[in-house]
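Chain residues, written in single-letter form:
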Amino acid sequence: MGHAEIVTILNPTPAGAVPHPSRYLHADADGDRLLISTAKFDDGTPGLYFRTDPNGSSVPLTELPVLIAQLQVIADAATAEAEESR
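Residues numbered from 1 in each chain as written. Predicted model: local features only at pLDDT ≥ 70, side-chain atom pairs only at ≥ 80, totals over all residues. Heavy atoms only, no water.

## Description of the pairing of strand 4 (residues 33-40)
In step 1: Burial runs high along strand 4: six of the eight residues are buried.
In step 2: Relative to strand 4, strand 3 (residues 24-27) is paired through four bridges, and the arrangement is antiparallel. From the neighbouring strand, Tyr24 faces strand 4, where its bridge partner is Ile36.
In step 3: Counted between consecutive antiparallel strands, the loop separating strand 3 from strand 4 contains five residues, among which Gly31 sits at a positive phi close to 90 degrees.
In step 4: Relative to strand 5 (residues 46-52), strand 4 runs antiparallel, the two being bridged by seven bridges. Considered in strand 5, the bridge of Leu35 is made with Arg51.
In step 5: Where strand 4 folds back onto strand 5 in an antiparallel hairpin, the turn is made up of five residues, including Gly44, whose phi is positive at roughly 90 degrees. (Buried < 20%, exposed > 50% of the residue type's maximum accessible area, 1.4 Å probe, protein only. Helix = DSSP H or I, 4+ residues; strand = E, 2+ residues; numbered from the N terminus. Pairing = 2+ DSSP bridges.)

## Observations regarding the environment of Ser22
In step 1: The residue Ser22 is located in the loop between strand 2 (17-18) and strand 3 in this model.
In step 2: Along the primary structure Ser22 and Gln72 are separated by 50 residues, whereas in three dimensions their C-alpha atoms are 9.8 Å apart.
In step 3: In contact with Ser22, not counting residues within four places along its chain, are Thr38, Gln70, Val73, Ile74 and Ala77. (Contact = heavy atoms within 4.5 Å.)

## Structural notes on the nonpolar core
In step 1: Ranked by size, the top nonpolar core spans six residues in total: Tyr24, Leu34, Ile36, Val59, Leu67 and Ile74.
In step 2: At the level of elements, strand 4 and helix 1 (64-84) are the ones that each hand at least two residues to this core.
In step 3: Setting aside chain neighbours within four positions, we find Leu67 in contact with Tyr24, Ile36 and Val59. (Core = buried A, V, L, I, M, F, W, Y, C linked by side-chain atoms within 4.5 Å.)

So, in structure tokens, the structure goes:
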């Protein structure tokens, strides 16, 4: 049976990305990195910020539960940041 993995393809970085301690950091088998953090758009809308190395980064499916859980933590932090700045 083959190895399954998530391959992430991202658009250019949105304006308003805010570094946050809740971020998710990952490096795949060949060292390509993935960062997911909080973001705030120009209109104050909270969001998620994704950044990878130019080759993209792969996350094994075995790490999917951790990634999903951390996405919720990051989303909650982004919402809190947006509310604090209003």
